[in-house]
Amino acid sequence: MKCPYCNKEMELGIIQSAREIAWKEGLERTKGRAAAYEGSVVLSGLDFFAGSAVKASNCRECKKIIISYSSSPDLNK
Ligand SMILES: [Zn+2]
């Protein structure tokens, strides 16, 4: 994937956590699962044994990371 800011090739990797990874609207930190917040986007549900992970492309030049949540959460696809 090319970086939309500088057009250089991005590095594919993962963002991982011991907890659910989700986007929630606004800048206020909240507790609890994303499902409790309307409009939230779960990027990776929690797997109690493996944690959670989502594919992400990194541009070290621009210091930007892009996550596509339309793709399968299965990291092997
Ligand atoms: Zn870039």
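Residues numbered from 1 in each chain as written. Predicted model: local features only at pLDDT ≥ 70, side-chain atom pairs only at ≥ 80, totals over all residues. Heavy atoms only, no water.

Peer 1: Sorry, what's going on with the packing of aromatic side chains here?
Peer 2: The geometry of two aromatic rings is summed up by the distance between their centres and the angle between their planes. Taken as a whole and assessed by the stated rule, the structure comprises one aromatic pair. Ring centres of Phe48 and Phe49 lie 5.4 Å apart, and the angle between their planes is 85 degrees; on these two criteria the pair is classed as edge-to-face. A residue is classified by how much of its surface remains accessible, and Phe48, at 70% relative accessible area, is exposed. Look at Phe49 and you get exposed, because its relative accessible area is 79%. (Phe/Tyr/Trp six-rings, centres within 6.5 Å; stacked < 30°, edge-to-face > 60°. Buried < 20%, exposed > 50% of the residue type's maximum accessible area, 1.4 Å probe, protein only.)

Peer 1: How do you make sense of the layout of surface pockets when you look at a structure like this?
Peer 2: Unfilled space is identified by rolling a water-sized probe across the atoms. Its boundaries defined by the atoms lining it, the largest pocket holds a volume of some 250 Å³. If you go around the largest pocket, the residues you meet are Arg19, Glu20, Ile21, Ala22, Lys24, Thr30, Lys31, Gly32, Arg33, Ala34 and Leu46. Residue classes in the lining of the largest pocket are distributed as four nonpolar, two polar and five charged. (1 Å grid on protein atoms, 1.4 Å probe; cavity = no way out; pocket = protein on both sides within 12 Å on 5 of 7 lines; lining within 4 Å. Points joined across faces, edges and corners; volume = space filled by probe spheres on them. Nonpolar A, V, L, I, M, F, W, Y, C, P; charged D, E, K, R; others polar.)

Peer 1: I keep staring at the coordination of the zinc ion and nothing clicks. Help me out?
Peer 2: Each pair of donors in an ideal octahedron of six around a metal sits at 90 or 180 degrees, and each pair in an ideal tetrahedron of four sits at 109.5 degrees. Within the protein, the zinc ion binds to Cys3 (SG), Cys6 (SG), Cys59 (SG) and Cys62 (SG); these donor distances fall in the range 2.3 Å. Taken together, the four donor atoms coordinating the zinc ion and their angles of 105 to 115 degrees define a geometry best described as tetrahedral. (Donors = N, O, S within 2.8 Å, 3.2 Å for Na, K, Ca; no water. Tetrahedral: all angles 85-135°; square planar, octahedral: opposite > 155°, others 65-115°.)

Peer 1: When you look at the side chain of Ser57 in this model, what are you seeing that I'm missing?
Peer 2: Assignment of secondary structure puts Ser57 in strand β4 (residues 52-59). Aside from chain neighbours lying at most four places away, what touches Ser57 is Met1, Met10, Glu11, Leu12, Lys64, Ile65 and Ile66. (Helix = DSSP H or I, 4+ residues; strand = E, 2+ residues; numbered from the N terminus. Contact = heavy atoms within 4.5 Å.)

Peer 1: Looking at this model, I keep getting lost on the side chain of Ser52. Mind explaining?
Peer 2: Relative to the helices and strands, Ser52 resides in strand β4. By relative accessible area, which is 3% here, Ser52 ends up buried. Here Arg19 takes part through its backbone oxygen, which lies 2.3 Å from a polar atom of the side chain of Ser52. The residues touching Ser52, leaving out its near neighbours within four places in the chain, are Ile15, Gln16, Ser17, Arg19, Glu20, Ile21, Ser44, Gly45 and Leu46. (Polar contact = N/O pair within 3.5 Å; in protein donor to acceptor, adjacent residues only side chain to side chain.)

Peer 1: In this structure, what is going on with the pairing of β4? I would like to understand it.
Peer 2: The side chains of a regular strand alternate, residue by residue, between the two faces of the sheet. For β4, the tally of buried residues reaches six of eight residues, placing the bulk of the element in the interior. Relative to β4, strand β1 (residues 11-17) is paired through seven bridges, and the arrangement is antiparallel. Pairing of Leu12 across the sheet is with Ser57, part of β4. With three bridges connecting them, β4 and strand β5 (residues 64-66) associate as antiparallel partners. Across the sheet, the residue bridging to Asn58 is Ile65, located in β5. The turn linking β4 back onto β5 is made up of four residues, and Lys63 within it adopts a positive phi angle of 55 degrees. (Pairing = 2+ DSSP bridges.)

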